[in-house]
Amino acid sequence: MSKEVRDKVGISSGFSRRNFLKTAAAAAGLSLLAGCGGGGGQAPKADEKKDPKPAAPAKEALKIGVLLPFSKVYAVLGESITQGMELYFEQVKNEAGGRKIELIKEDEENDAQASLRKTRKFIESDKVDLMTGVVNSGVALALRDVIHGAKLPFIISNAGANDLTRAKKSPYIFRSSFSNWQPNWAAGEYVYKNVAKKVYLTAPDYAAGKEQMAAFKESFTKAGGTVLGEVYPPLGNNDYAPFLAKIKEAKPEAVYCFYSGSDAVKFVKQFDEYGLRKTMKLCGAGFSFEEDVLPAQGKSALGAISGMHWAFGLDTPLNKKFLDDYKKKFNKGANVFSLQGYDTARVIVEAVNAVKGDTADKDKLVKAISAVKFDSPRGPFAFDPDTNNVVQDIYIREVKDVSGHLHNVVIATVKNVKDPGK
């Protein structure tokens, strides 16, 4: 800069270019502070609000693979289980462990191969955190090795195959419903002492049917009863006349049966139409006369006696609330399948809450599932650590007319029934 210019701007000859730049920078800094709301370069006041912290990233949804029958003979069971789950999830705002719950539903189709494909989809494509569902025992057994190998926590909400909590038990598989042994073993002694000494057995020709008959026979014959015969029609049968003819010929005092869904409706109605209800007592596993089929069975089911882990007529505050809540949401009555879905959802939520939403460590998650216990609409609920099967009361029930509607009324209780695990 020339002397003439320095003189014009009032800068002495001793003020260097470097000093000029420092002075200019300082002035610019003061101007910037003034423009930041600091009031002429003053520091921010102590009570002035600071910028909020950036929001934490939202947790990923809790993905639950739901494999249930939404078609064919057991479609109504799948619908009831799903609705029971949805009712409980809604009551906890569809959240567990700080994560929103996402249900990924697939149709079981009453088919093992189709169910295997869908289970692999849950594992490989959907990346589910855990899995629930399955009605058919044969399907559940077919899935066992895939689920065990993937270390996928699986809570069975219906299928009662005994082996799933016995020879084929897995640390990753739990059952919140029942084993085929439980309700039928509990009913055997009661039937002998209070109903009949000679019975005939009938059920569909598949694993669950035969296991349930074997459990009844175990306690019934041990008490002193006689089984006059057994007959096993195909699953999804329409005409029971040939089988009813065999039962009539044997002249038992009672028939003990297991049927479910549409099979239960057809068998019970045809049993009555064939005239057998006039000469012998009808008893069976509770599914045969459950609330989902009673309206269609009508008076053909009146007086039937069964063993089950829940009853519409169970007189407790929790059960009454469950019945009321279910009726309000779905405008229909609850049944044992919706109860199983409801309790399954609670098991999932309590376990995921216990691990604070962290489902990556599967061994830690199954440990949390094993520890879940609570008072359910069915009564006390807890898992047996030796089998991962639910320990529960079994109710002996009779179908009665309650204010113009048929319902199962509790007439006896067998406490704390747990599968023997062998």
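Residues numbered from 1 in each chain as written. Predicted model: local features only at pLDDT ≥ 70, side-chain atom pairs only at ≥ 80, totals over all residues. Heavy atoms only, no water.

### A look at the pattern of salt bridges
Enumeration according to the criterion identifies 20 salt bridges in this entry. For the salt bridge of arginine 144 with aspartate 145, the shortest nitrogen-to-oxygen distance reads 3.0 Å. Two residues, lysine 266 and aspartate 263, come together in a salt bridge whose shortest N-O distance is 3.9 Å. Placement of the pair is lysine 266 and aspartate 263 together in helix 9 (residues 261-273), with a separation of three residues, close to one helical turn. Among the residues examined, aspartate 263 registers a relative accessible area of 1% and is labelled buried. Salt bridges sharing common partners tie together Glu106, Lys121 and Asp126. (Salt bridge = Lys/Arg side-chain N within 4 Å of Asp/Glu carboxyl O. Helix = DSSP H or I, 4+ residues; strand = E, 2+ residues; numbered from the N terminus. Buried < 20%, exposed > 50% of the residue type's maximum accessible area, 1.4 Å probe, protein only.)

### Focus on the side chain of threonine 202
Residue position: threonine 202 is located in strand 7 (residues 198-202). A residue is classified by how much of its surface remains accessible, and threonine 202, at 0% relative accessible area, is buried. Contacts of threonine 202, omitting those with residues within four sequence positions, involve Met213, Val231, Pro233, Ile247, Val255, Tyr256, Cys257, Phe258, Tyr259 and Phe267. (Contact = heavy atoms within 4.5 Å.)

### Quick look at the packing of helix 12 (residues 336-354) against helix 13 (residues 362-370)
It is at 8 Å that the axes of helix 12 and helix 13 come closest, and there the two elements cross at 125 degrees. Regarding the angle of helix 12 to helix 13, the classification is oblique. The chirality of how helix 12 crosses helix 13 is right-handed. Touching Val347, Ala351, Val352 and Ala354 of helix 12 are Leu365, Ala368 and Ile369, all from helix 13. Broken down by class, the residue content of the contact of helix 12 with helix 13 amounts to seven nonpolar, no polar and no charged. (Axes fitted to C-alpha atoms, helices over the stretch in contact; angles between N-to-C directions. Parallel < 35°, antiparallel > 145°, perpendicular 65-115°, else oblique. Left-handed = near helix turned anticlockwise from the far one by under 90°. Nonpolar A, V, L, I, M, F, W, Y, C, P; charged D, E, K, R; others polar.)

### Here's the deal with the pairing of strand 14 (residues 390-402)
Relative to strand 14, strand 11 (residues 305-308) is paired through four bridges, and the arrangement is antiparallel. From the neighbouring strand, glycine 307 faces strand 14, where its bridge partner is isoleucine 396. Between strand 13 (residues 379-383) and strand 14, which pair antiparallel one after the other, the connecting turn spans six residues, and asparagine 388 there sits at a positive phi close to 65 degrees. The pairing of strand 14 with strand 15 (residues 405-417) spans 10 bridges and is antiparallel. Residue pairing for strand 15: lysine 400 is matched across the bridge by histidine 407. What sits between the antiparallel neighbours strand 14 and strand 15 is a turn of two residues, in which serine 403 has the positive phi angle 55 degrees. (Pairing = 2+ DSSP bridges.)

### What about helix 6 (residues 181-194)?
Over its 14 residues, helix 6 extends 20 Å from the first C-alpha to the last, a length consistent with the 20 Å expected when each residue adds 1.5 Å. Within the sequence span of helix 6, burial applies to Trp181, Gln182, Pro183, Asn184, Ala186, Ala187, Gly188, Val191 and Tyr192. (Expected span 1.5 Å × (residues − 1).)

### Quick look at the sheet that holds strand 2 (residues 95-96)
The six strands are arranged 2-3-1-4-5-6 in an open sheet whose pairing can be described as mixed. The strands lining the two open edges of the sheet, one partner per strand, are strand 2 and strand 6 (173-175). When strand 4 (residues 130-133) meets strand 5 (residues 154-156), the two strands line up parallel, connected through three bridges. When the bridges of strand 5 are listed, threonine 132 appears paired with isoleucine 155. Across the sheet, helix 3 (residues 75-91) is in contact with strand 1 (62-68), strand 3 (99-107) and strand 4; its angle to strand 1 comes to roughly 155 degrees.

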